[in-house]
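# Fold and contact review
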Amino acid sequence: MKIAIIGTGYVGLVTGACLAYKGHQVTCVDKREGIVATINNMESPIYEPGLEGILQQVVSSGSLKATGDTKAAVEEAAVTIIAVGTPLGEGGIDLGQVKQAAQEIGAALKGKEEYHVVCVKSTVVPTTTDTVVKGILEQFSGKQSGEFGLAMNPEFLREGNAVADFMLPDRIVIGADDASSLEVMKRVYAGFEVPMVATNLRTAEMIKYTANALLATLISYANEIAGFCEATGDVDVQDVFAAVVLDRRLTPRIGEEIICPEVLSYLQAGCGYGGSCFPKDLQALEAYAREKGCNPRLVSATIATNAEQAERIVQRLEGALGSLEGKKTTVLGLAFKPGTDDIRDSPALKIIRGLLAKGAKVSATDPFALERAKALGLQGVTYTEDYEAALRGAEAVLLVTPWRQYVEIPAEKYVLLMAHPLVVDCRRALDRGRLEGAGAIYIGVGLT
Ligand code: UGA
């Protein structure tokens, strides 16, 4: 099947590469010439494990190509997938790129005789596809929906795991405007033997937000309880949740074996959620709910708890160290989570800004995200690839992104390299006993 994909962010490019790998003929469209050249050169413009290997195969075999020409790509395809960004704008989701894509696709459909399905993969608030996108497509193509098909197919890819998530999805959700659109979309996913949820456009849109909001809510719930534990004293949030999840409704048993669902890892107290999805999606959902006259109490609380978490960590550090003015601090990890170089809405940046606001000097390190962080031009931060150099002479270190190489730093190194070995475990990834045994001072989220 010939498929055009508009947008080559991590969703568009992973989708394109994987669908090409599954046997489709894919054209990825991007306005940025440099990105088009990079893809055609079989390189991945983003860091995503496994993606470059697949790109090499599908570009060299001719199954995937990139272009800046939307019209040509749409004209030769049977399906066009919109996978452009939907950032947060003033007071809600910014649909600028989706609208632009819909206009160009609509214009390309004008002279096209064959039936064509337009599928929205970008995360958009409910009713976007059947009102905004449909309206623009009808206006610019001069056709009525039905003459072209319309679908909404949310993605559930995690950065750093996106290729595996695409190839082995938990479910495929297809919202379709009519039976013909659904049939075409089923052919797109013909090679996938996983539960398929066929529904309407609005439900598909709502499923995506509900899924992300649920996971973000678990994180904020854990962080809120962590705050209660810190205020109480002599209660460790880890012990609390370890016992809570032993409820068989959370950890079912098969014989003797305790099944520990992956979702429970979102009940881990830490420094709050970040990345390109949860922060913007929660805020977009909140704004959407308000616009509809609803009161998004839980969603708003999730956002508020998350916003405070980095601040609370900096305050605890200040409580332990006294004024941070002129103090050298080290931040281990800049990416919003391990396995990616993405620093968008990373808790590390919030913590760094909090430290800088208190007059601290910051030395930061990350295995993949240094260049992106440097580009932010934060005054008062030095960057180094070498964590030992980052630790040398510091009066406090904060483990923010639990990259394995940081989690495995021997406890003695902190004592040896730092001027004052105060270790703040923002992810509860470190061994308190070992650190204290080696002479370090330990502060962990969710315990005092
Ligand atoms: C998230 C969702 O997990 C995907 O299902 C969804 O498709 C994607 O957003 C999206 O909307 O595009 P992603 O942001 O890549 O994916 O990453 P996650 O691994 O879910 O991490 C999000 C936040 O949760 C991070 O701040 C991370 O540190 C935190 N997290 C993640 C946890 O606290 N615990 C975990 O076990 C995993």
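Residues numbered from 1 in each chain as written. Predicted model: local features only at pLDDT ≥ 70, side-chain atom pairs only at ≥ 80, totals over all residues. Heavy atoms only, no water.

## So, the overall build of the protein
- Summing up its helical and strand segments, the protein has 18 helices and 18 strands in all.
- Expected size for 448 residues packed as a compact globule is a radius of gyration near 22 Å; at 24 Å, the protein falls within 12% of this value.
- For the protein, the C-alpha atoms occupy an extent of roughly 75 × 45 × 45 Å along the three principal directions.
- Scored against the burial criterion, the 448 residues of the protein give a buried share of 53%.
- Look at the contacts in the protein between residues 6 or more apart in sequence, and 71% of them connect residues 24 or more apart.
- With 44 positive and 55 negative side-chain charges, the protein shows a separation of 1 Å between the mean positions of the two kinds. (Helix = DSSP H or I, 4+ residues; strand = E, 2+ residues; numbered from the N terminus. Rg over C-alpha atoms; globule rule 2.2 N^0.38 Å. Buried < 20%, exposed > 50% of the residue type's maximum accessible area, 1.4 Å probe, protein only. Contact = heavy atoms within 4.5 Å. Lys, Arg positive; Asp, Glu negative; His and termini not counted. Charge placed at Lys NZ, Arg CZ, Asp CG, Glu CD.)

## So, the sheet that holds strand S8 (residues 149-152)
- The strand order S3-S2-S1-S4-S7-S8-S9-S10 describes an open sheet built from eight strands, whose pairing is mixed. Every interior strand has two partners, whereas the edge strands, strand S3 (64-67) and strand S10 (196-199), have only one. Taking the axes of each pair of neighbouring strands and ignoring which way they run, one obtains an average angle of 20° across the sheet.
- Pairing between strand S2 (residues 25-29) and S3: four bridges, direction parallel. The residue of S3 that forms the bridge with valine 26 is leucine 64. (Pairing = 2+ DSSP bridges. Axes fitted to C-alpha atoms, helices over the stretch in contact; angles between N-to-C directions.)

## Here we look at helix H6 (residues 128-141)
- Between its first and last C-alpha atoms H6 spans 18 Å; for 14 residues at 1.5 Å apiece the expected length is 20 Å, and the two agree.
- Along its length, H6 reaches its greatest deviation from straightness, about 30°, at lysine 134.
- Looking at H6, one finds that the buried residues are Thr128, Thr129, Asp130, Val133, Lys134, Ile136, Leu137 and Ser141.
- Of the residues one or two after H6, glycine 142 is the one with positive phi, at around 75°. (Expected span 1.5 Å × (residues − 1). Bend = angle between axes of the 7 residues up to and from the residue.)

## Brief notes about the state of the cysteines
- The final tally for this structure, using the stated rule, is zero disulfides.
- Looking at the unpaired cysteine 229, the closest cysteine sulfur is the one in cysteine 426, lying at 17 Å.
- Overall, cysteine 229 belongs to the buried group, its relative accessible area being 5%.
- Note on cysteine 271: no disulfide assigned, nearest cysteine sulfur contributed by cysteine 426 at a separation of 5.3 Å. (Disulfide = S-S within 2.5 Å.)

## Considerations on the site of the ligand
- With respect to spatial proximity, 20 residues lie near the ligand, and among them Glu155, Glu159, Lys208, Ser265 and Tyr266 are the closest.
- The backbone of glutamate 159 places a nitrogen or oxygen atom 2.7 Å from an oxygen atom of the ligand.
- Between glycine 274 and the ligand, the recorded distance is 2.8 Å, taken from a backbone N or O atom to an oxygen atom.
- Coverage of the ligand by the protein amounts to 88% of the 690 Å² it exposes when considered alone.
- Elements supplying a minimum of two residues to the shell around the ligand: helix H9 (201-232) and helix H11 (278-291).
- Among the residues making up the shell around the ligand, the classes are represented as ten nonpolar, three polar and seven charged. (Near = heavy atom within 4 Å. Polar contact = N/O pair within 3.5 Å; in protein donor to acceptor, adjacent residues only side chain to side chain. Areas by Shrake-Rupley, 256 points an atom, 1.4 Å probe, with all protein chains shown as cover. Nonpolar A, V, L, I, M, F, W, Y, C, P; charged D, E, K, R; others polar.)

## Some remarks on the domain arrangement of the protein
- Structurally, the protein comprises domain 1 (2-199) and domain 2 (214-444).
- Using C-alpha coordinates to define each centre, domain 1 is positioned 34 Å away from domain 2.
- Of the residues lining the interface, 16 residues belong to domain 1; the matching set on domain 2 comes to 18 residues.
- Of the roughly 1,400 Å² buried between domain 1 and domain 2, counting both surfaces, carbon and sulfur atoms make up 55%.
- By the criterion of area lost to domain 2, the three top residues of domain 1 are Tyr47, Leu88 and Glu159, representing 47% of everything that side buries.
- Applying the counting criterion to the domain 1 and domain 2 interface returns two salt bridges.
- Taking the shortest distance from any N to any O, the salt bridge between arginine 158 and glutamate 262 comes out at 2.9 Å.
- On the surface where domain 1 and domain 2 come into contact, there are five residue pairs in polar contact (both at pLDDT 80 or more).
- Grouping the amino acids of the side of domain 1 that touches domain 2 by side-chain chemistry returns eight nonpolar, six polar and two charged. (Domains from an automatic or database assignment. Buried area = accessible area lost by both parts, 1.4 Å probe. Salt bridge = Lys/Arg side-chain N within 4 Å of Asp/Glu carboxyl O.)

## Some remarks on helix H5 (residues 96-109)
- The terminal C-alpha atoms of H5 lie 20 Å apart, and with 14 residues this matches the ideal 20 Å at 1.5 Å per residue to within 8%.
- Within H5 the residues assigned to the buried category are Val98, Ala101, Ala102, Glu104, Ile105, Gly106, Ala108 and Leu109.
- Residues of H5 that are buried sit in contact with strand S1 (2-6), helix H4 (70-76), strand S4 (79-82), strand S7 (117-120) and H6.

## Some thoughts on the pattern of salt bridges
- Taken as a whole, this structure holds 26 salt bridges when the rule is applied.
- Notably, a salt bridge pairs arginine 158 with aspartate 165, separated by 2.7 Å at the nearest N-O pair.
- Judged by relative accessible area, which is 30%, arginine 158 ranks as partly exposed.
- Residue class for aspartate 165 comes out buried when judged on its relative accessible area of 12%.
- Notably, a salt bridge pairs aspartate 247 with arginine 249, separated by 2.8 Å at the nearest N-O pair.

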